[in-house]
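Structural overview
Chain residues, written in single-letter form:
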Amino acid sequence: MIDDRRPTAPTGDAAPRTAGRDALVAGWVALAGGSPASRATGAELIARWAEPHRRYHTPHHLAAVLAAIDHLAEQADDPVAVRLAAWFHDAVYDGRPGWDEERSAQLAQARLPRCGVPAPRVAEVARLVRLTAAHETLADGDADGAVLCDADLAVLGGPGYDAYARAIREEYAHVPDDLFRKGRAEVLRRLLATPRLYRTAKARDLWEDRARANMAAELAALAAAQPGGDQTP
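Residues numbered from 1 in each chain as written. Predicted model: local features only at pLDDT ≥ 70, side-chain atom pairs only at ≥ 80, totals over all residues. Heavy atoms only, no water.

Focus: the pattern of salt bridges
On inspection of all chains with the given rule, the structure shows 14 salt bridges. Asp78 is paired through a salt bridge with Arg121; the nearest N and O atoms lie 3.1 Å apart. Within this pair, whereas Asp78 is found in the loop between α3 (59-72) and α4 (79-88), its partner Arg121 is found in helix α6 (residues 119-131), the two being separated by 43 residues in sequence. Given the relative accessible area of 29%, Arg121 is considered partly exposed. Of the charged contacts, one joins Asp100 and Arg103 as a salt bridge, the two residues approaching to 3.1 Å between their closest N and O atoms. (Salt bridge = Lys/Arg side-chain N within 4 Å of Asp/Glu carboxyl O. Helix = DSSP H or I, 4+ residues; strand = E, 2+ residues; numbered from the N terminus. Buried < 20%, exposed > 50% of the residue type's maximum accessible area, 1.4 Å probe, protein only.)

Take a look at the structure:
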């Protein structure tokens, strides 16, 4: 069952910056069309991304993923499906890995037909959204999945990595420090152990080296923050 709540856009400090919101609206209309149903879906998605409990999975993250896709789009089989999947991939976000992606995929399946998106593309969008729950399940030869997953991980190789790491911690503020450090370190070790973080050659050229350096630095900082922990984990 999908999360069918229709949040209203927050106001005041929680609202997206006007210019950023306007750019997202324009991008959605260019992608999905300007019909009343499409515009309503775009407004709903932006409102979802702007929910006040979010710290990292915000309109800024959405815009960053879309910008990263622009760098990689020529390597996708269906760039439109990839961009639509970016819009939906964290549309439902309650901090429940796997379940959030499933509900987001179901939301895409419910909303996109109203926007005139053909059934095969709706199915591809839903598949891609589900894929973001576990990037390591990406199959060789899945060009669309590679572009979306690489764009989703582009933040690891960007100059804003420290702000990203702080925002992730804020989203898990309910988790005690020691448990968060342990879980976060496990995630970083798993990522660093992969032979290639990025599946497309262009993403590797753009972000691989910087991403590994950023994650290694965060892992060292987590180890140093452990009680008596000045050792490399």
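What about the nonpolar core?
Formed by 61 residues in total, the largest nonpolar core has its most connected members in Trp28, Trp87, Phe88, Leu112 and Leu156. Ranked by the residues each element gives to this core, the list is headed by α4, at seven residues. If we skip the residues at most four places from it in the chain, Trp28 touches Gly33, Ser38, Arg39, Thr41, Gly42, Leu45, Leu84, Trp87, Phe88, Leu112 and Cys115. (Core = buried A, V, L, I, M, F, W, Y, C linked by side-chain atoms within 4.5 Å. Contact = heavy atoms within 4.5 Å.)

A look at the layout of surface pockets
Quantified by volume, the largest pocket comes out at close to 1,100 Å³. Secondary-structure elements contributing two or more residues to the lining of the largest pocket are α5 (99-111), α7 (143-152), α8 (161-171) and α9 (177-193). If you tally residues by element for the lining of the largest pocket, the top one is α9, at seven residues. By residue class, the composition of the lining of the largest pocket is 19 nonpolar, eight polar and eleven charged. Volume-wise, the second largest pocket comes out at about 460 Å³. Lining the second largest pocket are 22 residues, and of these Tyr56, His60, His61, Ala64 and Val155 sit closest to its centre. For the lining of the second largest pocket, the secondary-structure elements that each account for two or more residues are α3, α7 and α8. At seven residues, the largest contribution of residues to the lining of the second largest pocket is made by α3. (1 Å grid on protein atoms, 1.4 Å probe; cavity = no way out; pocket = protein on both sides within 12 Å on 5 of 7 lines; lining within 4 Å. Points joined across faces, edges and corners; volume = space filled by probe spheres on them. Nonpolar A, V, L, I, M, F, W, Y, C, P; charged D, E, K, R; others polar.)

Here's the deal with the environment of Ala220
Turning to its location among the elements, Ala220 is positioned in helix α10 (residues 201-225). Relative accessible area serves as the criterion here: at 42%, Ala220 is assigned to the partly exposed category. A C-alpha to C-alpha distance of 9.1 Å links Ala220 and Ala185, two positions 35 residues apart in sequence.

Here's the deal with the packing of α3 against α4
For the pair α3 and α4, the least separation of the axes is 9 Å and the interaxial angle reads 165 degrees. Relative to α4, the element α3 is oriented roughly antiparallel. Between α3 and α4 the crossing geometry is right-handed. Of the residues in α4, those in contact with Leu62, Val65, Leu66, Ile69 and Asp70 of α3 are Val82, Arg83, Ala86 and Trp87. A breakdown of the residues in the contact of α3 with α4 according to their chemical character gives seven nonpolar, no polar and two charged. (Axes fitted to C-alpha atoms, helices over the stretch in contact; angles between N-to-C directions. Parallel < 35°, antiparallel > 145°, perpendicular 65-115°, else oblique. Left-handed = near helix turned anticlockwise from the far one by under 90°.)

With respect to the packing of aromatic side chains
Using the criterion set out here, one finds six aromatic pairs in the structure. Among the aromatic residues, ring-to-ring pairing joins Trp28, Trp87 and Phe88 into one connected group. The ring of Trp49 has Arg54 sitting right over it, with the charged end atom 5.4 Å from the ring centre. Across from the ring centre of Phe180, 4.3 Å away, lies the NZ or CZ of Arg169, which sits over that ring. (Phe/Tyr/Trp six-rings, centres within 6.5 Å; stacked < 30°, edge-to-face > 60°. Lys NZ or Arg CZ within 6 Å of the ring centre and 35° of its normal.)

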